Each structure stands twice: as C-alpha cells, then as structure tokens.
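Analysis of the macromolecular model
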Amino acid sequence: MSTLDAPARPGLIQGPLPILAACALWGTTGTVSSFAPGSAPPSAVGAAGLVLGGLLLFLSARGSRDVLRTADRRLLLLGAVTAAGYALAFYPAVARTGVAVATTVALATAPIVLGLRARPFTTLTAVAGCAVLVLGGGEAHVDVVGVGLALVAGLSYAAYSAVCAHLIARGHPSRAVVGAVFGGASALTLPVLLVLGVGWVGTVQGAAVTAHLAVFTTFLAYLLFGLGLRHTSAAAATTLTLAEPAVAAVLGVVVLGERLPLVSWCGMGVLVLALAVLARR
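A few points on the structure.

1. Some points on the pattern of salt bridges
Where charged atoms from two side chains of opposite charge approach closely, those side chains can pair. Throughout the structure, instances matching the rule amount to three salt bridges. Where Asp-72 meets Arg-74, a salt bridge forms, and the shortest distance between an N and an O atom there is 3.4 Å. Given the relative accessible area of 30%, Asp-72 is considered partly exposed. Close ionic contact of Asp-143 with Arg-96 constitutes a salt bridge, the shortest N to O distance being 3.0 Å. Here Asp-143 is found in the loop between α6 (120–135) and α7 (144–169), whereas its partner Arg-96 is found in helix α5 (residues 73–115), with 47 residues between them in sequence. Asp-143 gets classed as buried once you look at its relative accessible area, which sits at 17%.

See the structure below:
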C-alpha cells in the first residue's frame, strides 16, 4: 500500500471529522495570537506554543519512546525538523508579507504538492476557494522574502504530514507517532525560543496566549490530526486543512469585529463545497 493511501471507505468520524476538528482549533491561532504582548516577536509566539505543546504530546503519548527506538530515525528527524520549520518559517512570513498572502501560500502549497495528482479538480477548487477567501479583501502585500518563508512553511507542512502518515501506515500508533515527531520538534525549537526571548511569557497575556497555543492548537489539534491520518491519506488531509482560514475568518468577524467582503464569502462557499466533496469521498 502506498504511504499516502488510506484504507478504503472509512467512516467520517475516523477520517475527515478529526482533521476538520483540528482545523477548527488551528483556526483560532490568529485571533488568539493577536492578544499576545506587543513585546513578543511573532516567531517567539509560535515557538513557545510548539515547545510546550510538543512536550505535552511526547510526555502524554504512550508508546512514543517505542517509536523513537523502532521507527526509521531518518524519517523521525525529517518530521521533527519540518514540524519545527513550519512554525519558525510561518510566523516571520506573516510579519513580512501579511496574514493573507502568507496563509494562502503556506496552506495551498501542501495540497498542491500532495493532492494535485490524486484529485486535481477537487484540490484546485479548494485551493482557489481558499485564495479568494483570504485575498478577497484586496489588501494583499507581497514581500518576496515573506512569500519564500511561507513556501518553506508549506513544504514543511507537506513533509511532516507525509512522514506521520507513512509511520502510521507502518503500524505505529498515531498518538505515539505524533508525540515522537513533535517531541523532537519541541527540542529543536527550544534553543531558538531562548534566543528570541521568553520574558513576555511571564505576563498574564503572554502566559494565556502560550497556554492556548500549546494545549489547543498544538496538543489537541495534532492528536486529532494524527487520528485522522489513520484513515485519511496525507494528500486528502492537507487539502481538508484548507478549512482553517474559513474558521479564522469567521472568528475574525465574530470575535474581532472584522468585516469580510462579499467576494471572500463567495470564496468560502466554494471552499466549503470542495471540502464537502472531498470528505464524502
């Protein structure tokens, strides 16, 4: 069986729904991060959530140490490096080129790399809907370095998703695989966080933001993502995660009082339809 193939005809609760639930948690990242102290560098905010959340995943996952002993260590290292690389590349990309462009490039890269060959029409429709949703406001600012960092983040996301899917397909428990990969990512990211500075974490706002990113958008979200990967290919999973900007957009409207133009609502509709087709398959 191909490392990116999933068992046939899983139930929704076994495949798409855990991944979509993870997307709902990931979609809170932007809203919650906006409450971080002004003294916190964007990269440090993401790194803090990954360090603590990755440690929680590793310590709570039964069998993660067995995975470290028995699984291909080159794949585990690749997964850890790319999981850390996603967080460390994505947040600077947002700072340089803005949320809209960085999100579109990062989230669209993985499904194009992994899913275009298997489901070209559904994948391109979902990517197009995501792009219209995020860029529909017409306020995009393109920075070459920022776009490059977002591309690195997207490729990193594709890589660690494929690594986790491969290890799970080889019979390792999904929770143990996620714990091993993100535990390694936590260890790799900690020195970077210390260099960036952690003083802001000691404030009430900083501690609350870090706790949310660690517990909800890293620990719980990746547990759900790993569960979904047991019955969903990495190609389909990365396409389904295009639902994340839809969640973020709705939260921006409801929580932050942002205004979403009509064209973005249309893009969201196209995205939802494409993801519904993918989930049914």
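From this point, things continue past the structure.
2. Regarding helix α9 (residues 204–229)
With 26 residues, α9 should cover 38 Å at 1.5 Å per step; its first-to-last C-alpha distance of 36 Å lies within 8% of that length. When the local axis directions of α9 are compared, the greatest deviation, roughly 30°, occurs at Ala-221.

3. As for the packing of aromatic side chains
Counted under the stated rule, the structure contains 11 aromatic pairs. Centre to centre, the rings of Tyr-160 and Phe-182 are 5.7 Å apart; their planes meet at 80°, and the pair counts as edge-to-face. Taken together, the positions of Tyr-160 in helix α7 and Phe-182 in helix α8 (residues 174–196) put the pair 22 residues apart, joining distant regions of the chain. Each member of the pair, Tyr-160 as well as Phe-182, carries the same accessibility label: buried. By way of ring pairs, the aromatic residues Trp-26, Tyr-86, Phe-90, Tyr-157, Tyr-160, Phe-182, Tyr-222 and Phe-225 are connected into one cluster.

About the thresholds
- Residues numbered from 1 in each chain as written.
- Predicted model: local features only at pLDDT ≥ 70, side-chain atom pairs only at ≥ 80, totals over all residues.
- Heavy atoms only, no water.
- Salt bridge = Lys/Arg side-chain N within 4 Å of Asp/Glu carboxyl O.
- Buried < 20%, exposed > 50% of the residue type's maximum accessible area, 1.4 Å probe, protein only.
- Helix = DSSP H or I, 4+ residues; strand = E, 2+ residues; numbered from the N terminus.
- Expected span 1.5 Å × (residues − 1).
- Bend = angle between axes of the 7 residues up to and from the residue.
- Phe/Tyr/Trp six-rings, centres within 6.5 Å; stacked < 30°, edge-to-face > 60°.

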